[in-house]
Amino acid sequence: MPSVRVNGRTYDLHVSDDMPVLWVLRDIVGLTGTKYGCGVGACGACTIHLDGAAVRSCITSVADAAGKEITTIEGLGAHGDHPVQRAWAAANVPQCGYCQPGQIMQAAALLKQTPKPTDRQIVDAMSGNICRCGTYQRIRAAIKSAAEAV
Amino acid sequence: MLKNVSRRSFMIAAGAAVFVLELELDPVWRPRSAYAAPLRPLSPNVYLSIDESGTVTITAHRSEMGTGIRTGLPMVLADELEADWQKVRIVQAQGDAKYGDQNTDGSRSVRHFFEPMRQAGAAARQMLEESAAATWKVPVGECRARNHYVVHVPTNRRLPFGGLVRVAAGLPAPPPDRLRLKSAAERRYVGKPLPVVDLQDIIHGTAKYGIDVRLPGMKYVSIERCPVYGGKVKSHDATEARAVAGVEQVVEIEPAPIPSGFRPLGGLAVIATNTWAAQQARERLKVEWDFGPNAGYDSAKYRAELEASARADGHVARNNGDVAGALATSAHRVEADYYVPHYAHAPMEAPAAVARVDGKRCEIWAPTQDPQTAKKTVAQVLGFDESAVTINVTLLGGGFGRKSKPDFIAEAAVLSQKVGAPVKVTWTREDEIRNDYFHAVCAQHLEGGLDANGRAVAWLHRTAFPSIASTFQPNVRYGNAGELGQGVVDMPYAISNVRCENGAADAHVRIGWYRSVYNIPHAFAVCSFADELAAAAGRDPLAYLRELLGPSRHIDLKAMGVDYPNYGDPIDAYPIDIGRIRVVLDRVAKEAGWGGALPPRHGRGLAVHRSFNSIVAAVVQVAVADNGDLTIPRVDMAIDCGTVVNPDRVRAQLEGAAIMGLSNALYSSITMKDGKVEQSNFPDYAVARIDITPDTHAHIVASDEVPGGVGEPGVPPIAPALCNAIFAAMGKRIRALPIDTSQLKKA
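Chemist: Hey, could you run me through the packing of helix α13 (residues 519–537) of chain B against helix α14 (residues 541–549) of chain B in this one?
Modeler: Relative orientation and spacing of two packed helices are given, respectively, by the angle between their axes and the distance between those axes. Residues and elements named next belong to chain B. Contact geometry for α13 and α14: axes closest at 9 Å, N-to-C directions at 110°. Of the possible angle classes, the one that applies to α13 and α14 is roughly perpendicular. As for the relative orientation of α13 and α14, their crossing is right-handed in sense. Note on element contacts: α14 touches α13 through Pro541, Tyr544, Leu545 and Leu548, opposite Ala530, Asp531, Leu533, Ala534 and Ala537. Taken together, the residues of the contact of α13 with α14 break down into eight nonpolar, no polar and one charged.

Quick look at the structure:
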């Protein structure tokens, strides 16, 4: 039976190895900040960090995550006020808010890897994350302001 | 226990519009709050309670799906109350008729509840002022509420709201004719940008949507539904499905007979200990379907039928003058056919609901736009009295009209009853796209006649689409007045010969409201055709559109014998006001730099459309690459929505409307083959992403008129403005959505 490390805690699981981390988080561990959007890695709502890199948890099996550190939106930043989250608040990015944990996790991974991204790099990094409310313009602005703040 | 000690109804005037609000004076009513003081709060109506700590609890009775309404209406109440926003808590109402209409649809929330919220806040403010006057033994006219205190103006003494609650709670609520409302100049919050109350929860992942609800002992459900509307299970074998670890049982849900309205589609439900097990087991179900009467639905064939219907004579919805005669004698005649496909809503949170049926009671937690209809529907499918059903409204991960239909909530209720445990039904993205209440496909035929000077003298508009009414009643073949009133009969141009007709169309899927609804196809055709007439006349589109709109006036459709519901509002309060339309048009043109030089294969396009009793104009700037790829450097949008509550959220709605308009124009299309949806998920049902995102500049026309809608009016002008821009860039006219960019390659 697999175990996973999530936000610094270890969970021993009684689930099959092929269960996606998304459903482990939501249904077994009980962390619902990571969202289901498509189940096929096409919308980014379920984005988490696996050893610091952004991955789609709906297509990452619990076996793939073995021995790695999972960070979810609930564990981003020591006090939940990561520079990306502060920038998101300052720009009033969210509308319905459902996709925003995934957007924030994707943006945080981008800025970790590329602290001063170009417009092209922002578009390339964020193109996998859908926001049906259409908050992209503010997402773009918030990433730029977070990059300046870091 | 005392309940409803006194109850009264009173009339509230909002401009010329009159609304009825029932206020309950219920001194034992308590907010559902962990923090509420145990003493008697001041609660002069169902929306408001103030406890002795001074905490103001405002009940948000409309659903939050991203418009910011859970913040906006409480802002209006808090403003009128003179409450300190930092001391305001928001609780979400359950579904209950005592709140008045809760169907968060049709861009109605601020339109219909701006005045009731002001009245609710003013009543409590005056009770607090009277309490202070009694305490100080001074005339009430010398006491004024200011930012959570009542101040005795001559002496500057002050008492906090919380300290006045005990006295105020014993006073009668003031009658409506004694309510003293603040002037616009005295407003503290209304008209100023405030962050939404859910902002911190959202960005920290702690906001709770319907899909996030977890109950002890809850089972997780995934349902296999027939891919064809109206089909049912003929036979099935669930042996392999039951063998999946975590699966407990497979339960059949009876399909409602079609048209099925809000009732469940039926199918086979896998009940499991987690969502993944339920979804995996579903794939192992062996089902033979009886596809039923819609198995022949084919989008290519249907389009041909719909286009034929739009070209033939139809039911006349508006007729001025003699269109046939004017067309026959016009100097130039222009004809065009437009087509808009089915769309799926695709809210990022697919439908999901939790139900717990316990003996003769049912409790629901769901992301519903319409908790009262959810309550009715659940009671109906369970055979319960409505009083036995409780609807808890969560946040909605997008709605766009999908979540005003409670079929998915009824599924959860039925299954909880069958299984004898709490259940969560979660639709997959594929379910959402294949079994949606689809936006109506629409074909239109327009003919225009110009005189020798290029002036429009004849306008013929024929539209054919499956009506939303077909989802609820059999044998519906024509649109209704509300549907034709979304951009057909309310065409605002000053043309003396006008004829609007509606052709027959049968529905073969569930048709439903989708953000902006029939305004999407109708504004696409009307605003595109205006541009086509300008081109035929050899005129600048802006100058020509001004001329088409004609002089400032109110259009009187009633005098023309047209049945026009005006989005449920009185036409005197919300007229079709050409003067205001022209102001919005001129504003957007100015802001967008209309007429300024652009490089080759770049263009600007213009559209203005009134819907949901607001006016939005858009200028889209496009660049067409030689290979046909589009980029959209800039969009300008101007809105006149009357009085604005939260300007930042109005701008956000316009920015989002631009994106949804681009999804409709460029990417999305649902097509049917053998009665089945051909798309399945975001890879083949595409929506706009960050790469196409323009810089949208949202401009709000200052107004102190009654509030209009905001959520929907921004979408309709986007697609025609984009297509008009493509025409300006390269002379290619686009008349069908989504745009086939292969037509845009450089020859």
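Chemist: What is the right way to look at the sheet that holds strand β22 (residues 456–464) of chain B in this model?
Modeler: All names here are of chain B. The five strands are arranged β15-β23-β22-β21-β16 in an open sheet whose pairing can be described as mixed. The open sheet has two edge strands with one neighbour each: β15 (315–320) and β16 (332–340). Within this sheet the neighbouring strands show an average axis-to-axis angle of 10°, counted without direction. In the sheet, strand β21 (residues 442–450) pairs with β22 via eight bridges, with the strands oriented antiparallel. Within β22, the position partnered with Glu447 by the bridge is Leu460.

Chemist: Even after reading the chapter, I still don't get unusual backbone geometry, so can you show me in this structure?
Modeler: As a rule of thumb, non-glycine residues mostly have phi less than zero, and peptide bonds are mostly trans rather than cis. Pro259 of chain B follows Ile258 of chain B through a cis peptide bond whose omega is 0°. As for its placement among the helices and strands, Pro259 of chain B is situated in the loop between β12 (247–253) and β13 (267–272). In this chain, Leu737 of chain B is followed by Pro738 of chain B through a cis amide linkage whose omega measures -10°. Structurally, the position occupied by Pro738 of chain B is in the segment after α17 (718–730). One non-glycine residue, Asn92 of chain A, adopts positive backbone phi at about 50°. Within the secondary structure, Asn92 of chain A is located in the loop between α2 (83–90) and α3 (100–113). A positive phi angle, close to 55°, is found at Tyr567 of chain B, a residue other than glycine. Relative to the helices and strands, Tyr567 of chain B resides in the loop between α14 and α15 (578–592). Judged by local crowding, Tyr567 of chain B falls into the buried class, with 21 C-beta atoms found within 10 Å.

Chemist: Help me understand the interface of chain B and chain A in this model?
Modeler: Accessible area lost on assembly of the parts is the figure often given for the size of an interface. Residue-level contacts link 47 residues of chain B with 46 residues of chain A. Going through the elements one at a time, α4 (199–203), α6 (275–283), α16 (647–667) and β29 (695–700) of chain B are the ones with two or more residues in the side of chain B that touches chain A. Top contributing element to the side of chain B that touches chain A by residue count: α16 of chain B, with seven residues. Residue composition of the side of chain B that touches chain A, by class: 24 nonpolar, 13 polar and ten charged.

Chemist: Explain helix α1 (residues 21–29) of chain A here, please?
Modeler: Since one α-helical turn is 3.6 residues long, residues separated by three or four positions face the same way. Counting buried residues in α1 of chain A gives seven out of nine residues, a clear majority hidden from the surface. Within the sequence span of α1 of chain A, burial applies to Val21, Leu22, Trp23, Val24, Leu25, Arg26 and Asp27 of chain A. Elements in contact with the buried residues of α1 of chain A: β1 (3–6), β3 (47–50) and β5 (69–71) of chain A together with β10 (219–224) and α6 of chain B.

Chemist: Sorry if this is basic, but what is going on with the nonpolar core here?
Modeler: Side chains of nonpolar character tend, in soluble globular proteins, to be buried together. Ranked by size, the top nonpolar core spans 276 residues in total, and within it Ile364, Ala413, Ala618 and Ile718 of chain B carry the most contacts. Apart from residues lying up to four places away in sequence, Ile718 of chain B is in contact with Ala618, Val620, Ala657, Ala658, Gly661, Leu662 and Ala665 of chain B.

Chemist: Looking at this model, I keep getting lost on the pairing of strand β24 (residues 602–611) of chain B. Mind explaining?
Modeler: On a regular strand, each side chain points to the face opposite its neighbour's, so the side chains alternate between the two faces of the sheet. All names here are of chain B. Most of β24 sits inside the fold, with nine of its ten residues counted as buried. Pairing between β24 and strand β25 (residues 614–624): ten bridges, direction antiparallel. Across the sheet, the residue bridging to Arg604 is Gln621, located in β25. Taking the residues between adjacent antiparallel strands as the criterion, β24 and β25 are bridged by two residues, where Phe612 takes a positive phi near 50°.

Chemist: It is not clear to me how helix α4 (residues 119–126) of chain A should be interpreted in this structure. Could you clarify?
Modeler: Restricting attention to buried positions, one finds in α4 of chain A the residues Ile122, Ala125 and Met126 of chain A. Seen along its axis, α4 of chain A keeps its buried residues to an arc of 85°; they face one direction.

About the cut-offs
- Residues numbered from 1 in each chain as written.
- Chains lettered and ligands numbered in written order.
- Predicted model: local features only at pLDDT ≥ 70, side-chain atom pairs only at ≥ 80, totals over all residues.
- Axes fitted to C-alpha atoms, helices over the stretch in contact; angles between N-to-C directions.
- Helix = DSSP H or I, 4+ residues; strand = E, 2+ residues; numbered from the N terminus.
- Parallel < 35°, antiparallel > 145°, perpendicular 65-115°, else oblique.
- Left-handed = near helix turned anticlockwise from the far one by under 90°.
- Contact = placed C-beta atoms within 7 Å.
- Nonpolar A, V, L, I, M, F, W, Y, C, P; charged D, E, K, R; others polar.
- Pairing = 2+ DSSP bridges.
- Buried ≥ 20, exposed ≤ 12 C-beta atoms within 10 Å, placed from the backbone.
- Core = buried A, V, L, I, M, F, W, Y, C linked by C-beta atoms within 7 Å.
- Arc of directions from axis to C-beta.

Fair warning: the whole summary comes from geometry, so function is off the table for now.
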